[in-house]
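Tertiary structure, described
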Amino acid sequence: MLDRALHQYCYSIIRDLKLPRPFSAKALCEALAAQSDRRIYLHPYEAVGVGVDAPCGAWIATAQADHIFFEQRTSKYHQEQIILHEIGHLLCRHRLHDISETMLSETDLLNDPGKAHGALLRTSYTTQEEKEAELVASMLLERSTSWDGDGAQTGERYLGEVLGFI
């Protein structure tokens, strides 16, 4: 997909989405859950492993709910971006991948591994689905900060601007 087409597609996903005020990833999860009658649970965790292949976020779907896992040992701003990225997968209706019972048994947050439908683990941005989810996350954050502030601490916001993330 060309960059222009990618931007148009992602914009079409969020265009009519009513964002909560004040905005936060948690508030957006609550709003989306209310609209769909499907709970979205947020789970902070400590990522195991280091490097490019270590996921800093994941989305696991069960029959009753969606579970978003995000790295807790990072800045509040980065946590918000991770959660919004996983929401991007939800909004784009990306296909979940099969998951192993080993992965689920390590979480202790899902009592019955057999009920999980699948998962997406965030490790890189090389696939089309990852690019879409990341762009949706960035567009949501940009749209929310244009009128409401981004919830990041002043130092985090400045660092993000200096590094080109904002």
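As recorded in an unreviewed UniProt entry, the protein goes by the name IrrE N-terminal-like domain-containing protein, listed as coming from Couchioplanes caeruleus.

Describing the side chain of S144
On the secondary structure map, S144 appears in helix α5 (residues 128-148). Accessibility expressed as a relative area gives 0% for S144, which makes it buried. A polar atom in the side chain of S144 sits 2.8 Å from the backbone oxygen of L141.

Looking at the nonpolar core
In this structure, L28, L84, I87 and L140 are the most contacted members of the largest nonpolar core, which totals 32 residues. At the level of elements, α1 (3-14), α2 (25-36), β2 (57-62), β3 (65-71), α3 (76-92) and α5 are the ones that each hand at least two residues to this core. Not counting chain neighbours up to four residues away, the residues in contact with L84 comprise F23, A25, L28, A137, L140 and L141.

Overview of the pairing of β3
Burial analysis of β3 places 7 of its 7 residues in the buried class, which makes it a mostly covered element. Across 7 bridges, the pairing between strand β1 (residues 39-45) and β3 is parallel. Residue pairing across strands places Y41 opposite H67, the latter belonging to β3. Linking β2 back to β3 in an antiparallel pair, the connection comprises 2 residues.

A short note on α2
An ideal rise of 1.5 Å per residue puts 16 Å on 12 residues; α2 measures up with 16 Å between its terminal C-alpha atoms. Directly beyond the C-terminal end of α2, a positive phi value near 55° is found at D37.

Re the packing of aromatic side chains
Under the definition given, this model contains 1 aromatic pair. For the ring pair Y45 and F69, a centre distance of 6.3 Å and an interplane angle of 80° mean the geometry is edge-to-face. Note that Y45 is positioned in strand β1 and F69 in strand β3, a separation of 24 residues in sequence. Overall, the relative accessible area of 5% leaves F69 in the buried class.

A look at the packing of α2 against α3
The description of two packed helices rests on the angle between their axes and on the distance between the axes. One way to put it is that α2 packs onto α3 with a least axis distance of 9 Å and a crossing angle of 25°. Classed by the angle they form, the pair α2 and α3 counts as roughly parallel. When the axes of α2 and α3 are compared, the crossing they make is left-handed. Taken together, the residues of α3 that come into contact with α2 (itself represented by A25, L28, C29 and L32) are E80, I83, L84, I87 and L91. Taken together, the residues that form the contact of α2 with α3 break down as 8 nonpolar, no polar and 1 charged.

Cut-offs and rules
Residues numbered from 1 in each chain as written. Predicted model: local features only at pLDDT ≥ 70, side-chain atom pairs only at ≥ 80, totals over all residues. Heavy atoms only, no water. Helix = DSSP H or I, 4+ residues; strand = E, 2+ residues; numbered from the N terminus. Buried < 20%, exposed > 50% of the residue type's maximum accessible area, 1.4 Å probe, protein only. Polar contact = N/O pair within 3.5 Å; in protein donor to acceptor, adjacent residues only side chain to side chain. Core = buried A, V, L, I, M, F, W, Y, C linked by side-chain atoms within 4.5 Å. Contact = heavy atoms within 4.5 Å. Pairing = 2+ DSSP bridges. Expected span 1.5 Å × (residues − 1). Phe/Tyr/Trp six-rings, centres within 6.5 Å; stacked < 30°, edge-to-face > 60°. Axes fitted to C-alpha atoms, helices over the stretch in contact; angles between N-to-C directions. Parallel < 35°, antiparallel > 145°, perpendicular 65-115°, else oblique. Left-handed = near helix turned anticlockwise from the far one by under 90°. Nonpolar A, V, L, I, M, F, W, Y, C, P; charged D, E, K, R; others polar.

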